[in-house]
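# Understanding the architecture of this molecule
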Amino acid sequence: MSTETPTRNRVNFATPRSFGATMKSHLKETFFPDDPFRQFRNEKSGLKKPLQYFIPIFEWLPNYSLRLFKFDLLSGITIASLAIPQGISYAKLANLPPIIGLYSSFVPPLIYAVFGNSKHLAVGTVAACSLLIANTIGEEVSHKDDPTLYLHLVFTATFFTGIFQTLLGLLRLGILVDFLSHPTITGFMGGTATLICLQQLKGIFGLKHFTTKTDVVSVLHAVFQNRDEWRWQSAVVGIIFLIFLQFTRFVRKKRPNLFWVSAIAPMVVVIVGCLFAYFAHADKHGIQIVGHLSRGLNPLSIKHLNFDSQYIPVTLKAGLITGLIALAEGVAIGRSFAIMKNEQVDGNKEMIAFGLMNIVGSFTSCYLTTGPFSKTAVNFNAGCRTAMSNVVMAICMMLTLLLLAPLFSYTPLVALSAIIMSAMLGLIDYQEIYHLFKVDKFDFLICMAGFLGVAFISMDHGLMMSIGLALVRTLLYAARPATCKLGKVQDSCVYRDTEQYPGSTSVNGVLALQLGSPVYFANSNYIRERILRWIQEEEDISNAKESVVEHVLLDLSGVTSTDTTGIETLIEISKMLQAKSIKLSIVNPRLCVMEKMIRSHFVDKIGKESIFLCIEDAIEASLFSEKRQV
């Protein structure tokens, strides 16, 4: 019998990299996974490339043409017609003067046009963050009892939002936004939309007294408790407007090329509502109107920022929570529309752009802005080519503030309520919730925790519940990693999970296992116990009194990293298997893992001959070892 050693692929046992090299690699992958500075390495044109990278307008503006402007002009005018009613409506939702909503659609879009990375994103206020601001700051200061202080605290919260978003972008900490998973956002937006819809019953019925609480039970209780204030005139007008808005959404859905019908519908509602209120003297028949809107551009508000220690906690809380949600929504929407054009959006640049426009906005009487889905969808469908559409929208808003603002003072509140309700009905994604239920029950649970928590407890509690469940799932993945038994797929030379490929075969006396996650302190005990259970299961299947497993092969291809606890666990496993006369072999440890094995002398303890580059080599060596023993 031949005793010649089988040919093996050579495993690299190179000296581990220095601490500096390892740290540099880890930091690069953590904070610079997209390698943003690669374009500057061979650049000899001075500051041109860096300037274009950090201030994107310098990249597209030099090549801008009249042909592109024609598209952006149409898009900008279209989204401006949507921004006016939305600005007034969402300011009302945040318990702010309506003019603040118009201010917020003038300055921030100009800042975004300079620093923003997306060609399609349209800047504006959003309903969810507007309600969250009202809920958070309203807990400390009432907008009715002290409207001036309330307004100043909103400006301060917007300032903190801007600082937070800018720092996240500069420090490249977009990873924090990733903790807002898709099910979390779906549930949060659905719960918020439901709550906002119910709150608009105040405007639909023309109620003057209402609850300050933001849960479904309190809102419905306030609606029915104040039945004596219901105005049928207001309800009829509101229902007519809502039916009209929903009909235009139906038209857009059936005929996508008629997107502009839905886009201008809110503006039509506002104009018709203003004319109706003016000529029919609606305010004398129980239909409330917006009231005075002053003409003029944004006044400076930097002197109104309130850093009183009494209010710092609430403004910080409002700024951080709304800032994180606004980032998640804005970045996700920008990337979604960029994918449709096979383009890329740098999330960190977007964070900086959002942060800067909120900082400047807080100085110029604006409140939180981001990239709302409805306005961005209209901008995209209108054929925008660059961020110049935001500049056009800002110019339209400037003309509105200078010339037309007083005309909107006759806008009926019921019209704004109908606009908000129509927009919110589109944010409750029933199909996506059902899809989550079919595909992944835990994701569905995360989604419903956000939905029900927001609707029945509070917005921040609902959000925290959903994020908490998502983190629990992450911890479960970390603490209970996937392991599987490998077998050879028929008519091939590859080894795969025997449960996934039932026809795969294994070699007698050889147990090949694959670990699918980092091996570290959180899961080391489980991995040790699971490997021993695999061995026990093999013995139970064969009904043998003695161990039928002579070789255990651990495929570490999926183990991206390990720590000292993980290494000690591997050493313990080796000793326990040795006590059972079972030989342990390691297959394809990755660079980071191999370096830890060398530094900890694990390689010396099990021998270099027990480490293999691939499963085939390890099995051949195991068979050769058995032959030699025979």
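What counts and how
- Residues numbered from 1 in each chain as written.
- Predicted model: local features only at pLDDT ≥ 70, side-chain atom pairs only at ≥ 80, totals over all residues.
- Heavy atoms only, no water.
- Salt bridge = Lys/Arg side-chain N within 4 Å of Asp/Glu carboxyl O.
- Helix = DSSP H or I, 4+ residues; strand = E, 2+ residues; numbered from the N terminus.
- Buried < 20%, exposed > 50% of the residue type's maximum accessible area, 1.4 Å probe, protein only.
- Pairing = 2+ DSSP bridges.
- Core = buried A, V, L, I, M, F, W, Y, C linked by side-chain atoms within 4.5 Å.
- Contact = heavy atoms within 4.5 Å.

### Concerning the pattern of salt bridges
In the structure shown here, the tally under the stated rule is 7 salt bridges. The shortest N-O distance in the salt bridge between Glu-343 and Lys-119 comes to 3.4 Å. Of the two residues, Glu-343 sits in the loop between α14 (312-340) and α15 (347-363) while Lys-119 sits in the loop between α6 (107-115) and α7 (127-138), which places them 224 residues apart along the sequence. On the accessibility criterion, Glu-343 (27% relative accessible area) is partly exposed. The salt bridge involving Arg-530 is made with Glu-537; its shortest N-O contact spans 3.9 Å. Relative accessible area serves as the criterion here: at 12%, Arg-530 is assigned to the buried category. A relative accessible area of 28% means that Glu-537 is categorised as partly exposed. When salt bridges that share partners are traced, they join Asp-440, Asp-443 and Arg-473 into one network.

### Structural notes on the pairing of strand β3 (residues 510-515)
Within β3, 5 of the 6 residues are buried, leaving the element largely enclosed by the surrounding structure. Relative to β3, strand β1 (residues 483-488) is paired through 3 bridges, and the arrangement is antiparallel. Residue pairing for β3: Lys-485 is matched across the bridge by Leu-513.

### Describing the nonpolar core
Burial of nonpolar side chains together is a common tendency in soluble globular proteins. Formed by 120 residues in total, the largest nonpolar core has its most connected members in Leu-96 and Met-424. Of the residues forming this core, the biggest block, 11 residues, is contributed by helix α8 (residues 147-170). The residues contacting Met-424, other than those within four sequence positions of it, are Tyr-90, Ala-127, Ala-193, Ile-196 and Cys-197. By size, the runner-up hydrophobic cluster in this structure holds 30 residues, among which are Leu-511, Val-519, Leu-554 and Val-559.

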